[in-house]
Structures are given as C-alpha cells and as structure tokens.
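# A structural walkthrough
Given next are the chains, with one letter for each unit.
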Amino acid sequence: MKKYSTPTNTLAPTIDLNGVSVTFVSNSGFLITVGDQKVLIDALCEGSPPDTVQKKLLNAKPPLDDVDLILTTHNHPDHFSATLVRQYMQKNPKAIFMSTKQAASQLTGFGDRVIVIDPVVGSPVNVEVNG
C-alpha cells in the first residue's frame, strides 16, 4: 500500500512502499530508507537543494542523518559535489561513498570509506556494502 506524506523535518514528499521509504531530496537526489539502513543517491550536488534541505544535508540532520551509503551515479555537478560529499562524510563518520573512479578520485583521505565501481555497458556490477 502506498502512503504519501510530507514530514515536518524535510521539505520533500516521502513515499512509503511496504517498509521502503523514498524521500525526494533535490533535482535527481533521493534518500532510500529500509529498516534502519539509509542510502543517499545523487543528493549531494551543487545548487539544487533548497537552503533548508542543504543545511540538513551538510549537518547530517534528520532525516538525512546516519546515512550508511552515499551513491553517486556519475560525476556531473547536478549529481555530485566533492565538496559537499566531503563535508557530509566528516559529519557522518559511518557513511561510505560509492561511485565511479572519476568521482571517487576526488575524495582523498577517507580510506576504505570510498569505494570505486566502474561498470561497463552490458556488464552489471554487484557490490554489497554493510548488508
């Protein structure tokens, strides 16, 4: 059963689908929550989130706190900002970043918290990170 809501702690609508919560963050960015695990996809980018949402992101405030995985699909400014990802990862020391070599190479100093994936067209890549 679909349930739509607009939580008071975010400007974006949230959709709940049988225990999977999808929250629109900005532009092409989403927060996916399943149980106590959170994945932030293409949400740490320049200029897209409204100021209040960007402040929540940069300060790792609910519901954008305790993110387990930051996934960036590609290195375009409307999907990825190394500066914003770096700031977020400093506020949220458990977050792991996963993206292409081009994006990941911009995040030095985080050791094994940065995972590079470089899929080839027609050859999907499966990676499991912390379950």
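Read on for a plain summary of the structure. Residue numbers here run from 1 along each chain, matching the order of that chain's written sequence. Restriction of local features to residues with pLDDT of at least 70 applies here, the model being predicted, together with a cutoff of 80 or more for giving and counting side-chain atom pairs; totals for whole chains, interfaces and linings are based on all residues. Note that the side-chain values use all heavy atoms of the structure and ignore hydrogens as well as water.

### Notes on helix 2 (residues 82-91)
Residue burial is assigned from relative accessible area. The probe radius is 1.4 Å, only protein chains are included, and a residue is buried under 20% of its type maximum, exposed over 50%, and partly exposed in between. Helix numbering and strand numbering both begin at the N terminus, where a helix is a DSSP run of H or I of at least 4 residues and a strand a DSSP run of E of at least 2. Listed in full, the buried residues belonging to helix 2 are Ala82, Leu84, Val85, Tyr88 and Met89. Along helix 2, the residues classed as buried sweep out an arc of 165 degrees about the axis, all on the same side. Exposed and facing more than 90 degrees away from the buried side of helix 2 are Gln90 and Lys91. Of the surrounding elements, those touching the buried residues of helix 2 are helix 1 (51-58), strand 6 (69-71), strand 7 (96-99) and strand 8 (114-116). Throughout, the arc means that of the directions going from the helix axis to the C-beta atoms. The contact criterion used is simple: two residues touch if any of their non-hydrogen atoms lie within 4.5 Å.

### As for the packing of aromatic side chains
Side-chain rings of Phe, Tyr and Trp (the six-membered ring for Trp) are treated as a pair once their centres are within 6.5 Å; stacked means planes under 30 degrees apart, edge-to-face means over 60, and tilted covers the remaining angles. The full count for this structure, using the stated rule, is two aromatic pairs. Between phenylalanine 24 and phenylalanine 30, the aromatic rings sit 5.6 Å apart at their centres with planes inclined by 70 degrees, giving edge-to-face as the arrangement. By relative accessible area, phenylalanine 24 is classed as partly exposed at 32%.

### Structural notes on helix 1
Taken residue by residue, helix 1 has Val53, Gln54, Leu57 and Leu58 as its buried positions. When helix 1 is viewed along its axis, its buried side chains cluster within an angular range of 130 degrees and face the same direction. Away from its buried face, by an angle of more than 90 degrees, helix 1 presents the exposed residues Asp51 and Lys55. Looking one or two residues beyond helix 1, the residue adopting positive phi is alanine 60, at roughly 50 degrees.

### Things to note about the pattern of salt bridges
Side chains bearing opposite charge may pair, as long as their charged atoms lie close to each other. Salt-bridge detection follows one rule: a side-chain nitrogen of Lys or Arg within 4 Å of a carboxyl oxygen of Asp or Glu. Within this structure, the stated rule accounts for two salt bridges. Between aspartate 65 and lysine 38 there is a salt bridge, with the nearest N and O atoms lying 3.0 Å from each other. With aspartate 65 in the loop between helix 1 and strand 6 and lysine 38 in strand 5 (residues 37-41), the pair connects residues that are 27 residues apart, well separated along the chain. In this pair, the class of aspartate 65 matches that of lysine 38, namely buried.

### Topic: the layout of surface pockets
Think of a 1 Å grid over just the protein atoms. A cavity is a set of points where a 1.4 Å probe fits yet cannot get out, a pocket is an open set with protein on both sides within 12 Å along at least five of seven lines, and lining residues have an atom within 4 Å of a point. Grid points are joined across faces, edges and corners, and a volume is the space filled by probe spheres set on the points. Of the voids in this model, the largest pocket is the one considered here, and its volume is about 210 Å³. Lining the largest pocket are 14 residues, and of these Gln37, Val39, Leu69, Val129 and Gly131 lie nearest its centre. Among the elements of the structure, strand 4 (29-34), strand 5 and strand 7 are those that each provide at least two residues to the lining of the largest pocket. Take the lining of the largest pocket: its biggest share by element is three residues, from strand 5. The classification used treats Ala, Val, Leu, Ile, Met, Phe, Trp, Tyr, Cys and Pro as nonpolar, Asp, Glu, Lys and Arg as charged, and all other residues, Gly among them, as polar. A breakdown of the residues in the lining of the largest pocket according to their chemical character gives eight nonpolar, three polar and three charged.

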